[in-house]
Amino acid sequence: MASSNHEVSTLEQQLQEYRAKLAAYDSGNGGVAKTTMTSSVSLGAQPQSINTNSNQAVGGGAGSSSNPAYFSPRPKVVRSASGNNIRSQRNPSPSVKPGNYEAMSNSVPIIPLVHEPSSHHDDESDNNPPQESSFHNSGGAAASPQEQQQKQQPQDSISQLAEGDVLFNYDEDFDGGSIEDEPEEELTWRSDPEKSMSDWTIRVMNRVTRQKQVYYVHRNVLAVGKRKSEYFVRFFRSHDRVGKSNNVTEVHFESVAASAMPFLLDYMYSSEGKLEIATINAVGLRYLAQYFGMRGLHKRVMSFITRDMTMDNVKIYYEHTVAVDDSKVSEIAGSQCAQNILSINTKNPLLKAVDPLFFRRIMLSREIDSMEKHLHMSQLLAEFCILHRKLLDDQDFIRLTDEQCLPHVHYKAALTLMEMEADLGLVDHEMHEKTSLQDRCLRDLASHWEELSTMKPAELSNICRKLPSAVVTTIMIRSLGQAKKTVDV
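Counting of residues starts from 1 at the beginning of each chain's written sequence and follows it residue by residue. Reporting of local features is limited, given that this is a predicted model, to residues whose pLDDT is at least 70; pairs of side-chain atoms are given and counted only at 80 or more, and all residues count toward the totals for whole chains, interfaces and linings. Only hydrogens and water are removed before side-chain values are computed, so all heavy atoms of the structure are retained for them.

1. Thoughts on the sheet that holds strand S7 (residues 248-253)
Now for step 1: Spatial ordering of the open sheet is given by S6-S5-S7, a layout of 3 strands whose pairing is mixed. The open sheet is flanked by strand S6 (212-217) and S7, the only strands paired with a single partner. For this sheet the average axis-to-axis angle between neighbouring strands, irrespective of direction, equals 20°.
Now for step 2: The pairing criterion for strands is at least two bridges between them, as found by DSSP. We count a stretch as a helix when DSSP gives it H or I for four or more residues in a row; a strand needs E for two or more, and each element gets its number in order from the N terminus. Bridge count between strand S5 (residues 200-206) and S7: 6 bridges; the pairing is parallel. In the strand pairing of S7, Ile-202 is matched with Thr-249.
Now for step 3: Pairs of residues are marked as contacts when any of their non-hydrogen atoms sit within 4.5 Å. Every axis in this analysis is a line fitted to C-alpha atoms, fitted for helices over the stretch in contact. Angles between the N-to-C directions lie between 0 and 180 degrees. Sheet contacts for helix H9 (residues 261-269): S5 and S6; angle to S6, the most-contacted strand, approximately 5°.

2. Here's the deal with the packing of helix H10 (residues 279-291) against helix H12 (residues 314-324)
Now for step 1: Where H10 meets H12, the axes come as close as 9 Å, and the angle between the chain directions of the two elements is 30°. In this view, H10 runs roughly parallel relative to H12, as classed from their interaxial angle. Crossing hand, H10 versus H12: right-handed. Contacts between H10 and H12 involve Thr-279, Ile-280, Ala-282, Val-283 and Tyr-287 on the former and, on the latter, Ile-316, Tyr-317, His-320, Thr-321 and Val-324. Angles below 35 degrees are treated as roughly parallel, those above 145 as roughly antiparallel, those between 65 and 115 as roughly perpendicular, and all remaining angles as oblique. By convention the crossing between two helices is left-handed if the near helix lies anticlockwise of the far one by an angle smaller than a right angle, and right-handed if it lies clockwise.

3. Quick notes on helix H17 (residues 394-401)
Now for step 1: Listed in full, the buried residues belonging to H17 are Asp-396, Phe-397, Leu-400 and Thr-401. Along H17, the residues classed as buried sweep out an arc of 115° about the axis, all on the same side.
Now for step 2: Looking at the buried positions of H17, the neighbouring elements they touch are helix H15 (356-363), helix H16 (371-387), helix H18 (411-423) and helix H19 (436-445).
Now for step 3: Any pair of N or O atoms that falls within 3.5 Å is considered a polar contact. Within protein, one atom must be able to donate a hydrogen and the other to accept it, and sequence-neighbouring residues count only if both atoms are side-chain atoms. With a side-chain oxygen positioned 3.3 Å from the backbone nitrogen of Gln-395, the residue opening H17 is Asp-393. Three exposure classes are used, based on accessible area relative to the maximum for each residue type with a 1.4 Å probe and protein chains only: buried under 20%, partly exposed in between, and exposed over 50%. The directions from the helix axis to the C-beta atoms form the arc being described.

4. What to know about the environment of Cys-464
Now for step 1: Mapped onto the elements, Cys-464 comes out in helix H21 (residues 457-466).
Now for step 2: When the C-alpha atoms of Cys-464 and Glu-419 are compared, they prove to be 8.3 Å apart, with 45 residues separating the residues in sequence.

5. Some words on the pattern of salt bridges
Now for step 1: Within this document, salt bridges are pairs made up of a side-chain nitrogen of Lys or Arg and a carboxyl oxygen of Asp or Glu, the two lying within 4 Å of each other. With the rule as written, the count across this model stands at 10 salt bridges.
Now for step 2: With a closest N to O distance of 4.0 Å, Arg-203 and Glu-250 form a salt bridge. Remark: Glu-250 occurs in strand S7 and Arg-203 occurs in strand S5; sequence separation between them is 47 residues.
Now for step 3: Judged by its relative accessible area of 31%, Arg-203 is partly exposed.
Now for step 4: With a shortest N-O distance of 2.5 Å, Arg-286 and Asp-326 are connected by a salt bridge. On the criterion of sequence distance, the pair formed by Arg-286 in helix H10 and Asp-326 in the loop between H12 and helix H13 (327-339) is long-range, its members being 40 residues apart.
Now for step 5: Salt bridges sharing partners connect three or more residues here, namely Arg-203, Lys-212 and Glu-250.

6. Here we look at a nonpolar patch on the surface
Now for step 1: What goes into a patch is any residue over 30% in relative accessible area without a salt bridge, connected to like charges within 9 Å or, for nonpolar side chains (Val, Leu, Ile, Met, Phe, Trp, Tyr), within 5 Å. The method behind every accessible area is Shrake-Rupley, applied with a 1.4 Å probe, and residues are considered shielded solely by the protein chains displayed. Taken together, the side chains of Leu-167, Phe-168 and Tyr-170 make up a nonpolar region of the molecular surface, amounting to roughly 340 Å² of accessible area.
Now for step 2: Mapped onto the elements, Phe-168 comes out in the loop between helix H5 (145-152) and S5.
Now for step 3: A residue is classified by how much of its surface remains accessible, and Phe-168, at 53% relative accessible area, is exposed.

7. So, unusual backbone geometry
Now for step 1: Residues other than glycine seldom take positive phi values, yet Met-197 does so here, at roughly 55°.
Now for step 2: Here Met-197 shows up in the loop between H5 and S5.
Now for step 3: Under the relative-accessibility criterion, Met-197 is labelled exposed at 66%.
Now for step 4: With a phi close to 55°, Asp-325 is a non-glycine residue in the positive phi region.
Now for step 5: Among the structural elements, Asp-325 can be located in the loop between H12 and H13.

8. A few points about H12
Now for step 1: Among the residues of H12, those classed as buried are Val-314, Tyr-317, Tyr-318, His-320, Thr-321 and Val-324. Each buried residue of H12 sits inside an arc of 170° when the element is viewed along its axis, so together they form one side.
Now for step 2: Among the residues trailing H12, Asp-325 stands out with phi positive, at a value near 55°.

9. Remarks on the packing of aromatic side chains
Now for step 1: Paired rings are identified among Phe, Tyr and Trp, the last through its six-membered ring, by centres lying within 6.5 Å, and are further divided according to the angle between planes into stacked (under 30 degrees), edge-to-face (over 60) and tilted (the rest). Throughout the structure, instances matching the rule amount to 17 aromatic pairs.
Now for step 2: For the ring pair Phe-253 and Tyr-287, a centre distance of 5.8 Å and an interplane angle of 85° mean the geometry is edge-to-face. Here Tyr-287 lies in helix H10 and Phe-253 lies in strand S7, a separation of 34 residues in the sequence.
Now for step 3: Judged by its relative accessible area of 24%, Tyr-287 is partly exposed.
Now for step 4: Aromatic side chains Tyr-291 and Phe-292 sit 5.0 Å apart centroid to centroid with 80° between the ring planes, which places their arrangement in the edge-to-face category.
Now for step 5: By relative accessible area, which is 1% here, Phe-292 ends up buried.

10. Structural notes on the packing of H15 against H16
Now for step 1: At a minimum axis separation of 11 Å, H15 and H16 run at an interaxial angle of 175°. The orientation of H15 relative to H16 falls into the category roughly antiparallel. Contacts between H15 and H16 involve Pro-356, Phe-359, Ile-362 and Met-363 from the first element and Met-377, Leu-380, Leu-381 and Phe-384 from the second.
Now for step 2: In terms of residue class, the contact of H15 with H16 is made up of 8 nonpolar, no polar and no charged. When residues are grouped by polarity, Ala, Val, Leu, Ile, Met, Phe, Trp, Tyr, Cys and Pro land in nonpolar, Asp, Glu, Lys and Arg in charged, and all others, Gly among them, in polar.

Written as structure tokens, this is what we have:
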């Protein structure tokens, strides 16, 4: 036993001397050839057999003939008589030139290999598995517990494949004699971003609610195929050319457009180009189609809008066009209203919802092409002015009541419009000439003098006080004349 302990002590002393000389050699070569046990383990070489009689490695690699046991590319594991494992140094990293080590090997003593009796090998190995020492590449110190734990973790099996190796074997699919296709999982932005391997993010900020919605998407869907976005095609090209690392696109939309974003992405990801479109998201989709450069989507949305718009939903379309400033759809909505102008009464909520610009668009439409429609339009205008009395300014009123928009005025609207004109300061009481609007109002008002007689005296008196005396005089003279004709008949 004492002899065995002496052998181990001698072996360890020689190993320490070898390390010191190796460190001195590495220092002299600028630290290029740092060889440790941990770095040699990464070579992944298989152990070679050992000739214990001659202390030479069998089948060694470079340097095996002149330097037994040291410079073989295989590890040399030996045991002492006590059963403790001693591992000699491996070959240095392949990145080091062999010539440097050949010069060094002549000056380094050879560590003798200790022969272990075969009778101890099998018994001891079962109860006391070999303990492999860990060393840092920097100087031979013992590895930390975290590093030892990392070494024990299994490595990626794919990274360990040699060229030409096959990792997956599906031959068992044929054992049953029948082959059934597995259900394919469709790629969608709604999937878990890690499972779907999302490589891009779209952040949509709602300007109204100030809320942000995040969508995890894929570049190949956004920029490739029939439903690609020209916006993202150009964006990715410039992004890749500049070499930016932030794979995020952030946009700011109104609520109408922001709420339509999921429908746009569903359309882009659909293999059949399925599009969920309705009144509530049509204008938003049209806006997104033009923003992201999707001509095919724009055509489908416009086709739907022209077929879907009616007087029942025109108010929704109008409100959405105002939100995103869509003049084209606003024009279509105005034309829809003009075509059905006689179906719009003074109690219709559309009058309260629309703005002066949209109302004037209706008045100038080619669909208002008869006396009946013009007179009805004047009544709607009078009600519109009452509803928006606090918001209308003098310029809005002038544009709405010019002769091009309002060539004829219904007698029921005449007094209201002349009163509004006076309230806005557009009437000079000292001037004896009547305004253009007053002339148009008086044409139809005098012939309906009977309706004037049914008005409440206080209401009629209040309106007349706001009008120039010339206008009031004209109303009285023409009304008396029409009354006399009626009596004579």
